[in-house]
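Architecture and fold: a report
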Amino acid sequence: DAGVTQSPTHLIKTRGQHVTLRCSPISGHKSVSWYQQVLGQGPQFIFQYYEKEERGRGNFPDRFSARQFPNYSSELNVNALLLGDSALYLCASSSSQGISGYTFGSGTRLTVV
Amino acid sequence: SQQGEEDPQALSIQEGENATMNCSYKTSINNLQWYRQNSGRGLVHLILIRSNEREKHSGRLRVTLDTSKKSSSLLITASRAADTASYFCATVAGAGSARQLTFGSGTQLTVLP
């Protein structure tokens, strides 16, 4: 079975641009979460979706948005990119909203120049 | 914001030795999870301990949880060079809260051959 897949793996964008990151959860997992990990720090929670509804939102500006599709895949969108948005963006899926642990994808490395 | 802190921030040991990492957190929890991350890529779920459990084992891993002290420890026995990675603890908050992971700042473990 495929694990959590994220695309693209690497991305370079210019300040002010928009970016869309994609995530496909493990088959059967209905919960998808997004995390931002800045170099040298632990991941920070951005969003959680379960059954296509937003179930949690972290302390991130409105430039960050996400959605979950009927097949439970998800997109994370970031508008008006800032240099500080450069980070590893991780997607995690779970069958039980985290009660039994999460499976993470390999991440998308976003560099804003 | 980070839930808590891992201690030490960095640990260097010889192959075959045991490695102990500690984690402190601030709020009541449903469970606490430990993850490993190699070279800034995706996180791998290692073990989950629930708030009503005090100790859990998985292979060479032993996790303890002290909810009165809001702390946990991860012991890796008979370490190998392949255990070199960053280790993060992450909490899932208690009842009524969203089920996102709140990570600590991580311990960088280096196992020397």
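A short tour of the structure in this document, coming up. Every value quoted in this text rests on a predicted model; they were computed, and no experiment measured them.

Here's the deal with the overall build of chain B
Across its full length, chain B holds zero helices and 11 strands. Order of helices (α) and strands (β) in chain B, N terminus to C terminus: β-β-β-β-β-β-β-β-β-β-β. In terms of overall dimensions, chain B has C-alpha extents of about 45 × 25 × 20 Å along its principal axes. For chain B, the proportion of its 113 residues judged to be buried stands at 44%. Across chain B, every contact between residues at least 6 apart in sequence was considered, and the portion connecting residues at least 24 apart equals 56%. Surface accessibility of chain B: about 5,100 Å² in total, with carbon and sulfur atoms responsible for 47%. Side chains of chain B give 12 positive and 9 negative charges; the mean places of these two sets differ by 8 Å.

Topic: the overall build of chain A
Tallying secondary structure elements over chain A gives zero helices and 11 strands in all. Secondary structure elements in chain A, listed N-terminal to C-terminal, are β-β-β-β-β-β-β-β-β-β-β. Compactness check: chain A gives a C-alpha radius of gyration of 13 Å against a globular reference of 13 Å for 113 residues, within 12% of the reference. Each of the 113 residues in chain A was classed as buried or not, and the buried ones make up 53%. In chain A, the proportion of contacts linking residues at least 24 apart, taken out of those at least 6 apart, comes to 52%.

Topic: the interface of chain A and chain B
At the interface, 26 residues of chain A touch 23 residues of chain B. When the two sides are added together, the surface that chain A and chain B hide from each other amounts to roughly 1,800 Å², 51% of it contributed by carbon and sulfur. Scanning the region where chain A abuts chain B turns up zero salt bridges. Secondary structure elements with two or more residues in the side of chain A that touches chain B: strand E4 (31-37), strand E5 (44-50), strand E6 (53-57) and strand E9 (87-94) of chain A.

Describing the nonpolar core
With 22 residues, the main nonpolar core has Trp-34, Ile-46, Leu-76 and Tyr-89 of chain A as its most contacted residues. Elements with a minimum of two residues in this core: strand E3 (19-24), E4, E5, strand E7 (64-68), strand E8 (74-78), E9 and strand E11 (108-112) of chain A. Ignoring anything within four residues of it in the chain, the contact list for Tyr-89 of chain A reads Gln-6, Leu-21, Tyr-35, Gln-36, Ile-46, Phe-64, Leu-76, Gly-107, Thr-108 and Leu-110 of chain A. Listed in part, the 21 residues of the second largest apolar core include Cys-23, Tyr-25, Leu-109 and Val-111 of chain B.

Concerning the environment of Thr-27 of chain B
Residue and element names in this part refer to chain B. Relative to the elements of secondary structure, Thr-27 occurs in the loop between strand E3 (19-24) and strand E4 (29-37). For Thr-27, a relative accessible area of 41% puts it in the partly exposed group. Between the alpha carbons of Thr-27 and Asp-66 there is a distance of 13 Å; along the sequence they are 39 residues apart.

Considerations on the packing of aromatic side chains
Tallying each qualifying case throughout the model produces nine aromatic pairs over all chains. Ring geometry for Tyr-35 of chain A against Phe-103 of chain B: centres 5.7 Å apart, planes inclined by 90 degrees, an arrangement best described as edge-to-face. Here Phe-103 of chain B lies in strand E10 (residues 101-103) and Tyr-35 of chain A lies in strand E4, a pairing that spans two chains. We note that Tyr-35 of chain A, like Phe-103 of chain B, is buried. Taking the centre distance of 5.4 Å and the plane angle of 85 degrees together, the rings of Phe-104 of chain A and Tyr-35 of chain B count as edge-to-face. Taken together, the residues Phe-104 of chain A in strand E10 (residues 103-104) and Tyr-35 of chain B in strand E4 connect one chain to another. Of the two residues examined, Phe-104 of chain A and Tyr-35 of chain B, each falls in the buried class. Counting every residue linked through ring pairs, the aromatic cluster contains Tyr-35, Phe-45 and Phe-104 of chain A together with Tyr-35, Phe-88 and Phe-103 of chain B.

A closer look at unusual backbone geometry
Note the cis peptide between Ser-7 of chain A and Pro-8 of chain A, where omega equals -10 degrees. When you line up the elements, Pro-8 of chain A lands in the loop between strand E1 (5-7) and strand E2 (10-13). The peptide bond linking Asp-7 of chain B to Pro-8 of chain B adopts the cis configuration, its omega dihedral lying at 0 degrees. Residue placement: Pro-8 of chain B occurs in the loop between strand E1 (5-7) and strand E2 (10-14).

Some remarks on the side chain of Ser-73 of chain A
Residues and elements named next belong to chain A. With respect to the helices and strands, the residue Ser-73 is situated in the loop between E7 and E8. The exposure class assigned to Ser-73 is buried, which follows from its relative accessible area of 13%. Apart from residues no more than four positions distant in its own chain, Ser-73 is found in contact with Cys-23, Ser-24, Pro-25, Arg-67 and Gln-68.

How each quantity is defined
- Along each chain, residue indices are assigned from 1 in the same order as the chain's sequence is written.
- Chain letters and ligand numbers both follow the written order, the letters beginning at A and the numbers at 1.
- With the structure being a predicted model, the display of local features is reserved for residues of pLDDT at least 70 and the display and counting of side-chain atom pairs for 80 or more, all residues being used for whole-chain, interface and lining totals.
- In computing side-chain values, all of the structure's heavy atoms are included and hydrogens and water are not.
- Secondary structure follows DSSP: runs of H or I at least 4 residues long count as helices, runs of E at least 2 residues long count as strands, and numbering of each begins at the N terminus.
- Between buried and exposed lies partly exposed: a residue is buried under 20% and exposed over 50% of the maximum accessible area for its type, with that area taken using a 1.4 Å probe on protein chains only.
- Throughout, a residue-residue contact means that at least one pair of heavy atoms, one from each residue, lies within 4.5 Å.
- The accessible surface values rely on the Shrake-Rupley method and a 1.4 Å probe; as for residues, cover is taken only from the protein chains in view.
- Only four residue types enter the tally: Lys and Arg on the positive side, Asp and Glu on the negative side, with His and both chain ends excluded.
- For charged residues, the charge sits on one atom: NZ in Lys, CZ in Arg, CG in Asp, CD in Glu.
- Our radius of gyration is a C-alpha quantity, and the globule rule it is checked against amounts to 2.2 Å times the number of residues to the power 0.38.
- Throughout, the accessible surface (probe 1.4 Å) given up by two parts as they are put together, summed over both, is called the buried area.
- Any Lys or Arg side-chain nitrogen found within 4 Å of a carboxyl oxygen on Asp or Glu counts as a salt bridge.
- The criterion is simple. A nonpolar core is a set of buried Ala, Val, Leu, Ile, Met, Phe, Trp, Tyr and Cys residues joined through side-chain atoms within 4.5 Å.
- Two rings from Phe, Tyr or Trp (for Trp, the six-membered ring) form a pair when their centres are within 6.5 Å of each other. A pair whose planes differ by under 30 degrees is stacked, one over 60 is edge-to-face, and the rest are tilted.

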